[in-house]
Structure formats: structure tokens, C-alpha cells
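Listed below are the residues making up each chain.
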Amino acid sequence: KLHRPLITAEHVYRSSLIDFLNKNKYKPLSLISAPAGYGKSMLVSSWLEKCSCQYAWISLSSEDSDLATFLSYLQYTIEHIFPKSLEQFSLILKGSKPPPLDIIIELLLNDLDKINDEFIIVLDDFHLIQNKQIDELINLLVSYPPQNMHLVIISRQDPNLNIGSLRAYSRINEIRTKELRFKRKEISELIEKLLHIEIKEEVLEHLF
């Protein structure tokens, strides 16, 4: 749940998309949105494998729609790479229920701002989250982002975020079905890795 997918020998490295993510890492949010099977998680995993940044990965499930559960995973995975970095934020998680959202985000942002190293937080399968408070938490996190943080959301559908506003203020990178679609060269490379054969040009064009 807290580990990225492993990259296999058959993986096709998406160099143009990796370059795009690297060049636009200064923005607070990358949204990778496409149906199942488009290689969203593997793309991000291969990016992190080459990236020198620290990262925290959470593969979400529907059970994580509970705010307290979501916050606990967030705290655990960040403090796994930066021990005791969320001291104030962690205190509010010890109560029987989370405090109001404005207090949560204030303490979280204050603690994250103290982290000096660049880091990436990946929320995989975000489409499984059904909680307006979590949506608002993420909205606030990318609206007032810590300087060294980059958030990646991987989802089969667009999350309930202020995407229009994020676009207007150049706070979001978007990779969608069109970008994830394999180019002809990538199709050829995949077939060679899987079947150890070269395919004819007309077959390649048909597959494309």
C-alpha cells in the first residue's frame, strides 16, 4: 500500500512523459487521469525510479475515504521519509476524531513548510476516495503549497478539485489518455520486449 509498483524488464520507458514531469515539477500538482490499463501508475513509478527526490506513495482504497484513516496514512508515509517532521499535525490525529478542516490544513501546511528537501507525494487510485472533506483538503494543499512539495494524483476520473482555477494560475500538470497513448516506436519496443520479434510496418500501423 505504501510502495510504488516495481518496474519490470518488459517496461517501456516513456521518455517524453518523464521529461514533461521533470520540467514541470515546480508546479504543485500533477494529475494523471485516464481509464484503467493506460499505465498511469507505472509511468509515475518509472519517473520516481530515475528521480533523485524523496517520495511518499499511497495506494488508496475505498476504506481510506474515512478522513481519519486518510490523514493517518498521509502522516505515516511522510514521516517514513522525514521522521518526526509532522509533530504538530500528528498531535491532532491522537484524538477520537479529527478537528475542523481549517485547523488540520493549517497544522499540516506549517509542518510541511519546515521540510527543507524536495519531496513528492503520490496518491494512487484517488477515484476511490469519496469524501468532500478530503477533496477540500487537497484543494487547500495545492492552493497554498509548501515550497518543496509536489503532489501527484493518479485517478481513473478527474477528482473534485478546482482544476479550472489551477490551470488559470499554472499550478497543474495534466497527463491524460491522449498523452498516455503509445507512439509507434513505443508499440514496436513493447512487442520486441514481450515477444522478441520485430513487426512489419503495416502491422505496427494497424496496432497504432
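One can find the structure itself at the top, above this paragraph.
The model shown is predicted, which means the values in this text are computed figures rather than measured ones.

What counts and what doesn't
Residues numbered from 1 in each chain as written. Predicted model: local features only at pLDDT ≥ 70, side-chain atom pairs only at ≥ 80, totals over all residues. Heavy atoms only, no water. Helix = DSSP H or I, 4+ residues; strand = E, 2+ residues; numbered from the N terminus. Rg over C-alpha atoms; globule rule 2.2 N^0.38 Å. Buried < 20%, exposed > 50% of the residue type's maximum accessible area, 1.4 Å probe, protein only. Contact = heavy atoms within 4.5 Å. Areas by Shrake-Rupley, 256 points an atom, 1.4 Å probe, with all protein chains shown as cover. Lys, Arg positive; Asp, Glu negative; His and termini not counted. Charge placed at Lys NZ, Arg CZ, Asp CG, Glu CD. Core = buried A, V, L, I, M, F, W, Y, C linked by side-chain atoms within 4.5 Å. Pairing = 2+ DSSP bridges. Axes fitted to C-alpha atoms, helices over the stretch in contact; angles between N-to-C directions. Phe/Tyr/Trp six-rings, centres within 6.5 Å; stacked < 30°, edge-to-face > 60°. Lys NZ or Arg CZ within 6 Å of the ring centre and 35° of its normal.

### Digging into the overall build of the protein chain
Looking only at helices and strands, one finds ten helices and five strands in the protein chain. For 208 residues, the compact-globule formula gives about 17 Å, and the C-alpha radius of gyration of the protein chain, at 19 Å, lands near that figure. On the principal axes, the C-alpha backbone points of the protein chain span a range of 65 × 35 × 30 Å. When the 208 residues of the protein chain are sorted by exposure, 46% land in the buried category. For the protein chain, long-range pairs separated by at least 24 residues make up 77% of all intrachain contacts whose partners lie at least 6 apart in sequence. As displayed, the protein chain offers around 11,400 Å² of accessible surface, 50% of which is attributable to carbon and sulfur atoms. Charge-centre separation for the protein chain: the mean point of 24 positive side chains lies 3 Å from the mean point of 28 negative side chains.

### A few points about the nonpolar core
Residues F70, L108, L112, L123, I138 and L151 are the most contacted members of the largest nonpolar core, which totals 41 residues. Looking at which element gives the most residues to this core, the answer is helix 5 (residues 101-113), with seven residues. Dropping the residues within four chain positions of it, F70 is found in contact with L60, D64, L123, I129, I134, L137 and I138.

### Notes on the sheet that holds strand 1 (residues 29-33)
Taken in spatial order, the five strands make up an open sheet running 2-3-4-1-5, and their pairing is parallel. Taken across any chain shown, the strands that pair with only one partner, and hence form the sheet edges, are strand 2 (54-59) and strand 5 (172-175). Recorded for the sheet is a direction-independent mean angle of 15 degrees between the axes of neighbouring strands. Where strand 2 and strand 3 (residues 119-124) come together, six bridges link them in parallel fashion. In the sheet register, W57 faces strand 3, and the bridge partner there is V122. Running at roughly 150 degrees to strand 2, helix 3 (residues 67-81) makes contact with strand 2 and strand 3 of the sheet.

### Looking at the packing of aromatic side chains
Applying the stated criterion across every chain yields a total of one aromatic pair. Note on F82 and F119: the rings are 5.6 Å apart at their centroids and 75 degrees apart in plane angle, and the pair reads as edge-to-face. Highlighted residues: F82 in the loop between helix 3 and helix 4 (87-92) and F119 in strand 3, separated in sequence by 37 residues. Assigned by exposure class, F82 and F119 land together as buried. K1 extends its terminal NZ or CZ atom over the ring of Y73, reaching a point 4.9 Å from the ring centre. Above the plane of the ring of F208 lies R184, whose end atom (NZ or CZ) is 3.8 Å from the centre.

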